[in-house]
Structure formats: structure tokens, C-alpha cells
Amino acid sequence: MGVSKLDRSEAEQRLAKLDDWEFSRDGDAIKREFKFDDFVAAWGFMSRVAILAEKQDHHPEWSNVYNTVEIELTTHDADGLSERDFTLAGDIDALR
């Protein structure tokens, strides 16, 4: 059984429960930017996110430039957003 794509209304309800995340890719993904004191703090955060992602078998698209980490979540198997994206986003927020 595959992962189900959320409709726009369901995605909006879930997004409203998250801080500082926004839609991207015309609503098929969510993204957030995280700022840290320095590169080491940003890298440490990415390491913690990597462990979460691996445990959930759901991996972010991300980039890091010095103290900034940009994360974008989408479910490729669903061709858009699924519950998995919002669960991982909430867990990532809990790391801060």
C-alpha cells in the first residue's frame, strides 16, 4: 500500500500547526529555513535531523550555507505532501 497524498485542505490544516513552515512547489512541498550561531551548530542540527529522517525512512531535501539550513519536505511516492512530511517537520521543530 502506497503513501496517500493529502489534499490542499488537509495540508493547510497540518501546516497551520507548524511554526515557520510554508508551502513550496505550488503546494506539493513545505520548507523552512533555520539559522544558527555558526557552522558547527548548523551541522550538529543536520546530524540530528539525519538520525530522525533515517528512523522515519523519510529524507529531506536540504542545503547548508555556513549557519543556515534550508529544509524542504515532500513525499515523492505520493507526488506531493503526505502525513509523513508533517510528522517529520514537527519532529524537526522539536529539535530546536
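In what follows, the structure referred to is the one given above.
The present account deals with the structure reproduced in this document. (Residues numbered from 1 in each chain as written. Predicted model: local features only at pLDDT ≥ 70, side-chain atom pairs only at ≥ 80, totals over all residues. Heavy atoms only, no water.)

1. Considerations on helix α2 (residues 39-56)
Taking 1.5 Å of rise per residue, the 18 residues of α2 would be expected to cover 26 Å, and the 26 Å separating its terminal C-alpha atoms lies within 8% of that figure. Listed in full, the buried residues belonging to α2 are Ala42, Phe45, Met46, Val49, Leu52 and Ala53. An end-on view of α2 places all buried positions within 120° of arc, on one side of the element. Opposite the packed face of α2, turned more than 90 degrees from it, sit the exposed residues Val40, Ile51, Glu54 and Lys55. Those residues of α2 that are buried are in contact with β2 (29-35), β3 (61-65), β4 (68-73) and α3 (83-95). (Helix = DSSP H or I, 4+ residues; strand = E, 2+ residues; numbered from the N terminus. Expected span 1.5 Å × (residues − 1). Buried < 20%, exposed > 50% of the residue type's maximum accessible area, 1.4 Å probe, protein only. Arc of directions from axis to C-beta. Contact = heavy atoms within 4.5 Å.)

2. So, the pattern of salt bridges
In total, this model carries eight salt bridges according to the counting rule given. Linking Glu72 and Arg25 is a salt bridge whose minimum nitrogen-to-oxygen distance equals 2.9 Å. Taken together, the residues span a long stretch of sequence, with Glu72 in strand β4 and Arg25 in the loop between β1 (22-24) and β2 at a distance of 47 residues. Taking the relative accessible area as the measure of exposure, Glu72 reaches 18% and is therefore buried. When its relative accessible area of 36% is taken as the criterion, Arg25 is described as partly exposed. One network of salt bridges, with partners in common, ties together Asp20, Arg32 and Asp93. (Salt bridge = Lys/Arg side-chain N within 4 Å of Asp/Glu carboxyl O.)

3. A word on the packing of aromatic side chains
Here a ring pair, both rings aromatic, is described through the centre-centre distance and the interplanar angle of the planes. Taken as a whole and assessed by the stated rule, the structure comprises four aromatic pairs. Ring centres of Trp21 and Phe34 lie 6.1 Å apart, and the angle between their planes is 75°; on these two criteria the pair is classed as edge-to-face. With Trp21 in the loop between α1 (8-15) and β1 and Phe34 in strand β2, this residue pair connects regions lying 13 residues apart in the sequence. Neither residue differs from the other here; Trp21 and Phe34 are each classed as buried. Judged by centre distance (4.9 Å) and plane angle (40°), the ring pair of Phe36 and Phe45 falls under tilted. Neither Phe36 nor Phe45 differs from the other in exposure class; each is buried. An aromatic cluster of at least three residues, connected via ring pairs, comprises Trp21, Phe34, Phe36 and Phe45. When the ring centre of Phe23 is taken as origin, the NZ or CZ atom of Arg8, which lies over that ring, is 4.0 Å away. (Phe/Tyr/Trp six-rings, centres within 6.5 Å; stacked < 30°, edge-to-face > 60°. Lys NZ or Arg CZ within 6 Å of the ring centre and 35° of its normal.)

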